[in-house]
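# Summary of the model geometry
Here is what each chain is made of, one letter per residue.
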Amino acid sequence: MTDLYLEIAGQQLQELNGEAQLVLIHPHYLTHRYLLDALVSAEGTVYVRFGASGDDVAGVEAQFHDVLMEQTDAGTLEGVRNLVLDECDRLDDDVLDQFLERVTPSVIQENKGRVVIISRRVPQFVATEMQVKRAGKFLPVDESLLLCDYIRQEETPALLEVHAFGSGRVYLNGREVNNWDGVLPRSLFFYIVDRGMTTRDDIFKIFWPNLTTKEATNVFHVTKRKISEVLGIDLTTYWSGFYRISPDIDVNYDAMQFSKMAQDSAVAASDEARDLLRRAISLYRGEFLTSMDMEWTENRRQALLQTYGEALVSLAKMSEDAEERREALGLYLRSALTNPQREDLVFNIMTLYDQLDMPVDALNCYERLASALNTNLDVSPAPQLQELAASLRERVN
């Protein structure tokens, strides 16, 4: 099974048409290096990888001139049909804007070519330049995998992307939110987004259980105001006793997408279920909010970890049914990491190792389980596992 992100990116790259004259590789697409071969293989391509110094237009243009001298016969943009600009996040936004204003007309308008921008952040001009809205295209785009299209019309709600798997990152209209003005506003933000809708009493129980209602109310409103100041927009609206995400905000939240796809896979047809599970598993890039240590985050972390483990098992069983044994084995092994003492997983792993003629690996897996069960629970593996291990030892010896 190929990497899902690479699969989607490759397909969308093939589908690009001549209208996409300005292509921006999505900053959340982490394996863009695998696309480089396809991006630079076209005839008439110039590839530029910007250096560390990006705060001076003259320096950037001098570097670009050196590249043109190396990669073109004339040392100019004449005939360049495909200009690939890599590591553009090294450049200040204003510098990148000025540089693109100079080079894009030659490639796009005069040469009828394409400019490709690779950056780990969304360039500032995406939100300000109408030319980008007409000619630009992000690649790849798939909102279910938090690969959002930042070329949006002005009348659409603000786009809030929340990545809770891992340490926790937030993006507003493609720009990362970093300065939270303290731990509390950030913690309350993630709690409200994770709940979707919540009451004031629930918030008080989680964050200020030892304060009086009056004291908690004061702290809550101050903290909520700080969140609005950080975002530049009100996060919540109050209606019918609940705080809800404001209708002026379009939220794309990885934990919510993950949970929904995992849940939907249970009632979907086989092919659709497999696709949903692959997408859900791809979203899980680490345990939930590892930068926070609160009771609600710990409970949520464990619940999502369990869902992740079950999603891996479900996808592994589908792979087994398709006789993709190595794929199934890898998925079972990943699931076992979430619950090392789960005997049914170890049995499946040992069976697949045996089918792949890897009996020593199967026995090593059994020994790890036996040791863990003895140390933690003072019990032995189930008889079924013991019988399989005995059979494997006979063949190995």
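Everything here concerns the structure above.
In what follows, the accompanying structure is described. In this numbering scheme, every chain counts its residues from 1 along its sequence in written order. At least 70 in pLDDT is required for a residue's local features to be given in this predicted model, at least 80 for side-chain atom pairs to be given and counted, and no such filter applies to totals for whole chains, interfaces and linings, which use all residues. In computing side-chain properties, one takes all heavy atoms of the structure into account and sets aside hydrogens as well as water.

A few words on the overall build of the chain. Regarding its fold elements, the chain presents 15 helices and twelve strands. Over its C-alpha atoms, taken along the principal directions, the chain stretches across nearly 75 × 65 × 40 Å. Taken across its 397 residues, the chain has 47% of its residues classed as buried. Look at the contacts in the chain between residues 6 or more apart in sequence, and 66% of them connect residues 24 or more apart. In this description, accessible areas are obtained by the Shrake-Rupley approach with a 1.4 Å probe, and a residue is regarded as covered only by the protein chains that are shown. Counting every atom, the chain has about 20300 Å² of accessible surface; 46% of that belongs to carbon and sulfur. Secondary structure counts use DSSP, requiring at least four H or I residues in a row for a helix and at least two E residues in a row for a strand, with both numbered from the N terminus. Burial status follows relative accessibility: with a 1.4 Å probe on protein chains alone, a residue under 20% of its type maximum counts as buried, one over 50% as exposed, and anything between as partly exposed. Residues are treated as being in contact if the distance between any of their heavy atoms lies within 4.5 Å.

To continue, consider the sheet that holds strand β4 (residues 114-118). Strand order across the open sheet formed by five strands is β2-β3-β4-β1-β5, with parallel pairing between neighbours. In this open sheet, the two strands that pair with only one neighbour each are β2 (45-49) and β5 (136-139). In this sheet, adjacent strand axes meet at a mean angle of 15° when their direction is disregarded. Here strand β1 (residues 22-25) pairs with β4 via four bridges, running parallel. Pairing of Leu22 across the sheet is with Val115, part of β4. Strands are treated as partners if at least two bridges between them are detected by DSSP. Working convention: axes come from line fits to C-alpha atoms, limited for helices to the stretch in contact. Angles between N-to-C directions cover 0 to 180 degrees.

With respect to topology, three strands assemble into an open sheet ordered β9-β11-β10, the strand pairing being antiparallel. In this open sheet, the two edge strands, each paired with only one partner strand, are β9 (197-198) and β10 (236-239). Looking at chain direction, β9 and strand β11 (residues 242-245) are connected through two bridges and run antiparallel. Among the inter-strand pairings, Thr198 is bridged to a residue of β11, identified as Tyr243.

Cavity and pocket criteria rest on a 1 Å grid covering protein atoms alone: a 1.4 Å probe that fits but cannot get out defines a cavity, protein on both sides within 12 Å along at least 5 of 7 lines defines an open pocket, and an atom within 4 Å of a point defines a lining residue. Grid points are joined across faces, edges and corners, and a volume is the space filled by probe spheres set on the points. A full pass over the atoms with the stated rule returns one cavity of 30 Å³ or more. Approximately 30 Å³ is the volume found for the largest cavity. Around the largest cavity sit Leu24, Ile25, Pro27, Ile117, Ser119, Arg121, Pro123 and Phe138, which together line it. A per-class count over the lining of the largest cavity returns six nonpolar, one polar and one charged. Residue type decides the class: Asp, Glu, Lys and Arg count as charged, Ala, Val, Leu, Ile, Met, Phe, Trp, Tyr, Cys and Pro as nonpolar, and the leftover types, Gly among them, as polar.

As a further point, take the pairing of strand β6 (residues 158-163). In terms of burial, β6 is a largely internal element, six of the six residues being buried. Here β6 shows no split at all, with Ala158, Leu160 and Val162 on one side and Leu159, Glu161 and His163 on the other all buried. As judged from the five bridges shared by β6 and strand β12 (residues 249-253), these two strands associate in the parallel manner. The residue of β12 that forms the bridge with Val162 is Tyr253.

With that settled, consider the side chain of Glu161. Among the secondary structure elements, Glu161 is positioned in strand β6. In the analysis that follows, any N or O atom pair within 3.5 Å is treated as a polar contact, provided that within protein one partner can donate a hydrogen and the other can accept it, and provided that, for residues neighboring in sequence, both atoms belong to side chains. Looking at Glu161, its side chain comes within polar contact range of the side chain of Tyr150, at 2.6 Å. Setting aside anything within four residues of it in sequence, one finds Glu161 in contact with His28, Leu146, Cys148, Tyr150, Arg169, Val170, Tyr171, Gly174 and Asn252.

Take the pattern of salt bridges next. Opposite charge on two side chains permits them to pair, given that their charged atoms come into close proximity. For this analysis, a salt bridge means a side-chain nitrogen from Lys or Arg found within 4 Å of a carboxyl oxygen belonging to Asp or Glu. Summed over all chains, the structure comprises 21 salt bridges. Asp275 serves as the salt-bridge partner of Arg279, at 3.0 Å between the closest nitrogen and oxygen. Taken as a pair, Arg279 and Asp275 lie in helix α10 (residues 270-283) at a separation of four residues, close to a single helical turn. Assessed through its relative accessible area of 15%, Arg279 is described here as buried. Salt bridges sharing partners connect three or more residues here, namely Arg33, Arg49, Asp86, Glu87 and Arg90.

So, on to the packing of helix α6 (residues 183-195) against helix α8 (residues 213-231). Helix packing for two helices is described by the angle between their axes and how far apart those axes are. Closest axis-to-axis distance for the α6/α8 pair is 9 Å, and the angle between their directions is 85°. One element, α6, and the other, α8, form an angle in the roughly perpendicular class. In this structure, α6 uses Leu184, Pro185, Leu188 and Phe189 to contact α8, whose residues at the interface are Val219, Phe220, Thr223, Lys224, Lys226, Ile227 and Leu231. Of the residues belonging to the contact of α6 with α8, the class tally is eight nonpolar, one polar and two charged. In this scheme, roughly parallel covers angles under 35 degrees and roughly antiparallel covers those over 145, while 65 to 115 is roughly perpendicular and the rest are oblique.

Right, let's get into the side chain of His28. Mapping His28 onto the fold places it in the loop between β1 and α2 (36-40). By relative accessible area, which is 9% here, His28 ends up buried. Engagement of the side chain of His28 in a polar contact is seen with the backbone oxygen of Leu146, the distance being 3.5 Å. For His28, the contacting residues outside a window of four places in its chain are Leu146, Leu147, Tyr150, Glu161, His163, Tyr171 and Arg285.

The terminal C-alpha atoms of α6 lie 19 Å apart, and with 13 residues this matches the ideal 18 Å at 1.5 Å per residue to within 8%. All of the buried residues in α6 are Pro185, Arg186, Ser187, Leu188, Phe189, Phe190, Tyr191, Ile192, Val193 and Asp194. Downstream of α6 by one or two residues, Gly196 has phi in the positive range, about 80°. A helix's residues, less one, multiplied by 1.5 Å, set its expected span.

Before going further, it helps to examine the environment of Glu295. Relative to the elements of secondary structure, Glu295 occurs in helix α11 (residues 295-321). On a C-alpha basis, the gap between Glu295 and Phe207 in space is 10.0 Å, while along the polypeptide they are 88 residues apart.

Right, let's talk about the nonpolar core for a bit. The term nonpolar core refers to a set of buried residues drawn from Ala, Val, Leu, Ile, Met, Phe, Trp, Tyr and Cys, joined through side-chain atoms within 4.5 Å. Counting residues in hydrophobic clusters, the biggest one holds 91 residues, and the most contacted among them are Leu39, Leu160, Phe189, Phe190, Leu231, Leu235 and Met350. Excluding residues within four positions of it along the chain, Phe190 makes contact with Val162, His163, Ala164, Gly168, Arg169, Val170, Leu289, Met292 and Trp296. Grouped together as the second largest cluster of nonpolar side chains are 32 residues, Val48, Phe50, Val67 and Leu83 included.

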